[in-house]
Amino acid sequence: MPSGRLAVPSEIRMRLEIEIPSDVDYIEQIVSLVQRECRMLDFPARACSLNVPVALSEALSNAILRGNEGDRARWVRMRLCLDSTLLVLEVQDEGQGFDLDECTEDPTEDANILREDGRGLFLMRALMDRVERFHDGGNVVRLTLRRA
Amino acid sequence: MSFAIKKQGDITVVDVEGQLIVGNRQELKQKVLDELEKGERKVLIDFSQTGYIDSSGLGVLVSLSKKIREQGGELRLANLNDDLKTLFELTKLDTLFQIADTRERALESF
């Protein structure tokens, strides 16, 4: 077992919940915290360095800038649930939400490759096993990644 | 996270230290635009000290690519680690940028 890491018996589950004002300057700290927890529980290195930080950064960014329109008086809540098989991240904002099924534009198509925006949801879908959106007292985006 | 700018001959080299994300992308954009304003036309962005890049960071690189080209300049990227290479491949931005494995090769390619 690598030094400083825990083996993850199947009965262990970690939960973490954080609330932040709608300010993008918090994103890096939150992502760093989640990366650290994933590493501590021996989540695969690639997931810790690529999948989790990029997908979470996108979800937080969307919640802050779109859901809450950058209004610092509105809060973003992030929940992490990590166990021996799954990582689940939920990012909740105070906005109206959006229809995931309507967001189908492909930023890799020739017509879109020079666009400066439009890659956030694409990256979440590419880097996570599942991306869901629902309403639960606020607009929630749930990202799920299975331990490889 | 910060952006260090150095001159190597007539090439402006920007080191991205830390992440390139929504919170700092405008700083990178402004620094490179300032160099263009001063007349610089060859820009190399080195990612050897970079952690991750989000879609906003990728968007800024696309924006800078267009602006540099409009000014008759050239942009090179260098030192993408495996994670960053994956990001560029997923988004097919590896087809848009000239990417070198090392800073030296990027400098030689201008």
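Scroll up to find the structure this text is about.
Keep in mind the model is a prediction, meaning the values are calculated, not measured. (Residues numbered from 1 in each chain as written. Chains lettered and ligands numbered in written order. Predicted model: local features only at pLDDT ≥ 70, side-chain atom pairs only at ≥ 80, totals over all residues.)

Peer 1: Please explain the overall build of chain A as it appears in this structure.
Peer 2: Broken down by element type, chain A carries three helices and five strands. Listed N to C, the secondary structure of chain A is β-α-α-β-β-α-β-β in terms of helices and strands. Based on the C-alpha atoms only, the size of chain A along its principal axes is roughly 45 × 40 × 25 Å. Looking at chain A residue by residue over its 148 residues, the buried ones come to 34%. Here the contacts in chain A between residues at least 6 apart in sequence split such that 67% fall between residues at least 24 apart. (Helix = DSSP H or I, 4+ residues; strand = E, 2+ residues; numbered from the N terminus. Buried ≥ 20, exposed ≤ 12 C-beta atoms within 10 Å, placed from the backbone. Contact = placed C-beta atoms within 7 Å.)

Peer 1: Teacher, can you tell me more about unusual backbone geometry here?
Peer 2: Peptide bonds are, in most cases, trans, and in most cases residues other than glycine have a negative phi. Not every positive phi belongs to a glycine, and Asp42 of chain A is a case in point at roughly 65°. Mapped onto the elements of the fold, Asp42 of chain A is located in the loop between helix H1 (27-40) and helix H2 (45-67). Among the residues examined, Asp42 of chain A registers 17 C-beta atoms within 10 Å and is labelled partly exposed. Of note in the backbone geometry, Asn79 of chain B takes a positive phi value of approximately 65° without being a glycine. Looking at the secondary structure, you find Asn79 of chain B in the loop between strand S5 (74-78) and helix H3 (82-90). Judged by local crowding, Asn79 of chain B falls into the buried class, with 21 C-beta atoms found within 10 Å.

Peer 1: Explain the sheet that holds strand S1 (residues 13-21) of chain A here, please?
Peer 2: Strand pairing in a sheet relies on backbone hydrogen bonds. The paired strands run either parallel or antiparallel. All names here are of chain A. Strand order in the open sheet formed by five strands is S1-S2-S3-S5-S4, with antiparallel pairing between adjacent strands. With one partner strand each, in any of the chains shown, S1 and strand S4 (130-135) form the two edges of the open sheet. The average undirected angle you get between the axes of adjacent strands in this sheet is 15°. Strands S1, strand S2 (75-83) and strand S3 (86-93) of the sheet are contacted by H1, whose axis makes an angle of about 10° with S2. Across the sheet, H2 is in contact with S2, S3 and strand S5 (139-146); its angle to S3 comes to roughly 15°. (Pairing = 2+ DSSP bridges. Axes fitted to C-alpha atoms, helices over the stretch in contact; angles between N-to-C directions.)

Peer 1: Explain the interface of chain A and chain B to me, please; I cannot follow it from the model alone.
Peer 2: A common measure of how large an interface is: the accessible area buried when the components associate. Listed by partner, the interface residues are 21 residues for chain A and 21 residues for chain B. Sorting the residues of the side of chain A that touches chain B by element identifies H1, H2 and helix H3 (120-127) of chain A as the ones contributing at least two each. Ranked by residues supplied to the side of chain A that touches chain B, first place goes to H2 of chain A with seven residues. Here the residues of the side of chain A that touches chain B are counted per class, giving ten nonpolar, five polar and six charged. (Nonpolar A, V, L, I, M, F, W, Y, C, P; charged D, E, K, R; others polar.)

Peer 1: Just checking my understanding: could you explain the packing of H1 of chain A against H2 of chain A for this structure?
Peer 2: Geometry of a packed helix pair, given as the angle between the helix axes and the separation of the axes. Residue and element names in this part refer to chain A. Two elements in contact, H1 and H2, have axes separated by 9 Å at closest approach and are oriented at 145°. For the element pair H1 and H2, the recorded crossing hand is right-handed. Residues Ile27, Ile30, Val31, Val34, Gln35, Cys38 and Arg39 of H1 lie in contact with H2, whose contacting residues are Ala47, Cys48, Val52, Pro53, Leu56, Ser57, Leu60 and Ser61. When its residues are assigned to classes, the contact of H1 with H2 shows eleven nonpolar, three polar and one charged. (Left-handed = near helix turned anticlockwise from the far one by under 90°.)

Peer 1: Help me out: how do you make sense of the nonpolar core in this one?
Peer 2: When a protein is soluble and globular, its nonpolar side chains tend to lie buried together. Cys38, Val52, Ala55, Ala59 and Leu60 of chain A are the most contacted members of the largest nonpolar core, which totals 63 residues. Here the element with the most residues in this core is H2 of chain A; it accounts for eleven residues. (Core = buried A, V, L, I, M, F, W, Y, C linked by C-beta atoms within 7 Å.)

Peer 1: Sorry, what's going on with the packing of H2 of chain A against H3 of chain A here?
Peer 2: Residue and element names in this part refer to chain A. Interaxial distance between H2 and H3 falls to 9 Å at its minimum, and their mutual angle equals 145°. The hand of the H2/H3 crossing is left-handed. Taken together, the residues of H3 that come into contact with H2 (itself represented by Leu50, Asn51, Val54, Ala55, Glu58, Ala59, Ser61 and Asn62) are Gly120, Leu123, Met124 and Leu127. Classifying every residue of the contact of H2 with H3 gives seven nonpolar, four polar and one charged.

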